[in-house]
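# Chains, contacts and geometry: an overview
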Amino acid sequence: VLTIDADYQSIVEEELQGAVDRFEARSGIAIVMEPMSGEVLAMANVPLYDPNGFASYNAETRRNRAVTDLFEPGSTFKVVALAGALEEGRIGSSDRIFCENGELAVAGGTIRDSHPSAWLTVPEVIEESSNIGTIKIGQDLGTVDLFRYIRLFGFGSITSVGLPGEVPGEAKHPTRWSKRSLETISIGQEIGVTALQMVSAYAAIANGGRLLVPRITMDAPEADSPSGDRPPEVIRQVVSPETAAEVTRILEGVVARGTGANARVAGYRVAGKTGTAQKALPGSGGYDPDLYNSSFIGFLPAERPEFLCAVIVDSPKGIRWGSQVAAPVFSCIVQRILSLRRSSVRHSATGLPTDGEYTTPKTPVLDGLPGNAATRVLNRNGLRSRFEGSGDRVVAQAAEPSVAPGEITIHLGSVTPADAEGSVRIPDVTGIPLRQAVFRLTSAGLHVTTEGSGSVVSQSPGSGQVVRRGTT
């Protein structure tokens, strides 16, 4: 069973495609993760392709860019130097840094800030995304420790998510660094990362400092764990919970007062970081003045993170800033995901209803689902689960589908040949996507014929009727 949520995936694909079209970009990547568990809830790549016509698309379109494509992350990478310097006690949040009025001489040239500043506090350096301020944080941390934290956060290694084609990225050993590598790597240049590596690094900040193995599949339920849940696989503790909390507080300021203002979500405290990275010219050692990767990575609620979302848009035209290209996409994705909790109807890309009215969601039909999948469905609807029985599939639930908040008792069992000859109560599948409806009905032992496509608008026999297994 995939950790992917079909509704979330649909939302992410739609919003990402809209951004790529709007900015006439080459491509886009977006990932939604549950940072406390490492579960990947959505992973989208644009251009999209139809798997039913697999041979009609070239390899470039078919590849999973989230794990196969390297890019220089730019300012989203500044959390590495920040977290390392805070953890090692080289800086404090109240420290002030002189940002050279926007120009800093380094080996081979000058590094500039888009918004020149004199003195900034450490949080202000990140809020304003000052390259010079971050470079000085990196210099305080030093070459050896900067490289150590790069590796601790998982860069230069595969995430072990188990997806084909994953690459480890490029994190050069300091023996291969140039005279300006410390400065440029601190601000996210001269290093190659994947989108999933960046998401995993930010998840470590969100969850209290633990780097987790990302998960794309769930375990089959075991007798001693009816839900099928397993604890997150912790690779290592990267920074202390206290440092992770301080970095989160600083990232919250980025959205509240800094470059990430367009990522705000009404009613929620959002922590995140924008990125606008020039793209390297292949084989030249320089950068293309016209091509950028625009990105935003953030999580919410900042005080108890449940969703982490990354948006990366490759080579947008006209506008290049991550604050204007990627941050609004993050906000739209997250608002639509959150809206699913309050309404049984998926909202369209136009956003939330303006009248503030939401229908109370039905208790979802869980028949035939694995225990862990049933728990996830209930959690998304604000309901709690309690298991009875020792099987691996839901065979009954405490109440018929109705307005029923609170705790739902889930009865687990297995379909045996004897069961197959008995009767079954038909689940309510109206309003859900056709593929999910077919899965629920066949899992209950029914045969299915369909007319039309999209979501189910009616069913016959009706929900709640008791029929013999094998009924169509």
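Residues numbered from 1 in each chain as written. Predicted model: local features only at pLDDT ≥ 70, side-chain atom pairs only at ≥ 80, totals over all residues. Heavy atoms only, no water.

## Some words on the overall build of the protein chain
A tally of helices and strands in the protein chain yields 15 helices and 16 strands. Burial analysis of the protein chain (472 residues in total) assigns 50% to the buried set. The contacts in the protein chain between residues at least 6 apart in sequence include a share of 65% that link residues at least 24 apart. Element-wise, carbon and sulfur atoms account for 50% of the exposed surface of the protein chain, whose accessible area totals about 20800 Å². (Helix = DSSP H or I, 4+ residues; strand = E, 2+ residues; numbered from the N terminus. Buried < 20%, exposed > 50% of the residue type's maximum accessible area, 1.4 Å probe, protein only. Contact = heavy atoms within 4.5 Å. Areas by Shrake-Rupley, 256 points an atom, 1.4 Å probe, with all protein chains shown as cover.)

## Topic: the pairing of strand S1 (residues 27-34)
Of all the eight residues making up S1, seven are buried; the element is thus mostly covered by neighbouring parts of the structure. As judged from the seven bridges shared by S1 and strand S11 (residues 307-314), these two strands associate in the antiparallel manner. Of the residues in S11, the one forming a bridge with Gly-28 is Val-313. Taken together, the seven bridges between S1 and strand S2 (residues 39-46) define a ladder with antiparallel strand orientation. Opposite Ile-29, over in S2, you have Asn-45 as the bridge partner. Count of turn residues in the S1/S2 antiparallel hairpin: four residues, of which Gly-38 carries a positive phi of about 80°. (Pairing = 2+ DSSP bridges.)

## A few points about the sheet that holds strand S10 (residues 287-300)
Strand order in the open sheet formed by five strands is S2-S1-S11-S10-S9, and the pairing between neighbours is antiparallel. With one partner strand each, in any of the chains shown, S2 and strand S9 (271-280) form the two edges of the open sheet. Here the strands of the sheet are splayed against their neighbours by 10° on average, with no regard to which way each runs. Along the sheet, helix H1 (residues 6-22) contacts S1, S2 and S11; its crossing angle with S2, the most-contacted strand, is approximately 30°. (Axes fitted to C-alpha atoms, helices over the stretch in contact; angles between N-to-C directions.)

## Points about the sheet that holds strand S14 (residues 407-413)
Within the open sheet, the three strands sit side by side as S12-S14-S13. Their pairing is mixed. Each edge of the open sheet is held by one strand with a lone partner, namely strand S12 (384-388) and strand S13 (393-397). Strand-to-strand twist of the sheet, defined as the mean angle between neighbouring strand axes without regard to direction, takes the value 40°. Relative to S14, S12 runs parallel, the two being bridged by five bridges. Across the sheet, the residue bridging to Arg-384 is Glu-407, located in S14.

## What about the packing of H1 against helix H12 (residues 327-339)?
Closest axis-to-axis distance for the H1/H12 pair is 10 Å, and the angle between their directions is 155°. Comparing the axis directions of H1 and H12 gives the class roughly antiparallel. The hand of the H1/H12 crossing is right-handed. Residue-level inspection shows Tyr-8, Ile-11, Val-12, Glu-14, Glu-15, Leu-16, Ala-19 and Arg-22 of H1 in contact with H12, the latter providing Val-329, Cys-332, Ile-333, Arg-336 and Ile-337. (Parallel < 35°, antiparallel > 145°, perpendicular 65-115°, else oblique. Left-handed = near helix turned anticlockwise from the far one by under 90°.)

## Topic: the nonpolar core
One finds Ile-31, Phe-77, Val-80, Leu-146, Phe-153, Phe-155 and Leu-251 to be the most contacted residues of the largest nonpolar core, which totals 71 residues. Take this core: its biggest share by element is ten residues, from helix H9 (residues 195-206). Look past the residues within four positions of Phe-153 in its chain and what remains in contact with it is Val-80, Ala-83, Ala-201, Ala-204, Ile-205, Leu-211 and Val-238. Residues Leu-16, Val-32, Val-255 and Val-325 belong to the second largest nonpolar core, which totals 34 residues. (Core = buried A, V, L, I, M, F, W, Y, C linked by side-chain atoms within 4.5 Å.)

## Re the packing of aromatic side chains
Taken as a whole and judged by the stated rule, the model has seven aromatic pairs. Judged by centre distance (5.8 Å) and plane angle (75°), the rings of Tyr-8 and Phe-307 are edge-to-face. Taken together, the residues span a long stretch of sequence, with Tyr-8 in helix H1 and Phe-307 in strand S11 at a distance of 299 residues. In this structure Tyr-8 comes out as buried when scored by relative accessible area, which is 4%. Take Phe-307: its relative accessible area is 8%, and that puts it in the buried class. (Phe/Tyr/Trp six-rings, centres within 6.5 Å; stacked < 30°, edge-to-face > 60°.)

## Description of the packing of helix H4 (residues 78-87) against helix H10 (residues 241-257)
At their nearest, the axes of H4 and H10 sit 10 Å apart, and the two run at 135° to each other. Between H4 and H10, the interaxial angle falls into the category oblique. Crossing of H4 over H10 shows right-handed handedness. Here Val-79, Leu-82, Ala-83, Leu-86 and Glu-87 of H4 lie close against H10, whose contacting residues are Thr-243, Glu-246, Val-247, Ile-250 and Leu-251. Broken down by class, the residue content of the contact of H4 with H10 amounts to seven nonpolar, one polar and two charged. (Nonpolar A, V, L, I, M, F, W, Y, C, P; charged D, E, K, R; others polar.)

## Quick notes on the side chain of Glu-72
Among the structural elements, Glu-72 can be located in the loop between helix H3 (65-68) and H4. This buried residue, Glu-72, is left without a salt bridge; Lys-172 holds the nearest opposite charge, at 8.4 Å. A polar contact of 2.8 Å, which involves the side chain of Glu-72, links it to the side chain of Tyr-287. Residue contacts for Glu-72: discarding those within four places in its chain leaves Gly-188, Gln-189, Glu-190, Ile-191, Ala-277, Gln-278, Ala-280, Tyr-287 and Asn-293. (Lys, Arg positive; Asp, Glu negative; His and termini not counted. Salt bridge = Lys/Arg side-chain N within 4 Å of Asp/Glu carboxyl O. Polar contact = N/O pair within 3.5 Å; in protein donor to acceptor, adjacent residues only side chain to side chain.)

## Here we look at helix H6 (residues 131-141)
Taking burial as the measure, the eleven residues of H6 include nine buried ones, the bulk of the element. One side-chain oxygen at the N-terminal end of H6 lies 3.4 Å from the backbone nitrogen of Ile-132; it belongs to Ser-130. Gly-142 sits one or two residues past H6 and shows a positive phi near 95°.

## Observations regarding the pattern of salt bridges
A side chain with one charge may pair with a side chain of the opposite charge, provided their charged atoms come close. What the rule picks out here adds up to 19 salt bridges. With a shortest N-O distance of 2.7 Å, Glu-246 and Arg-249 are connected by a salt bridge. Here Glu-246 and its partner Arg-249 are both found in helix H10, three residues apart, which amounts to about one turn of the helix. In this structure Arg-249 comes out as partly exposed when scored by relative accessible area, which is 42%.

## Considering unusual backbone geometry
With an omega dihedral of -15°, the bond running from Leu-300 to Pro-301 counts as a cis peptide bond. Turning to its location among the elements, Pro-301 is positioned in the loop between S10 and S11. Its identity as a non-glycine residue notwithstanding, Glu-100 has a phi of 60°, on the positive side. We classify Glu-100 as partly exposed; its relative accessible area is 28%. For Ser-160, which is not glycine, the phi torsion reads 70° and is therefore positive. Position of Ser-160 among the secondary structure elements: in the loop between helix H7 (143-152) and helix H8 (181-186).

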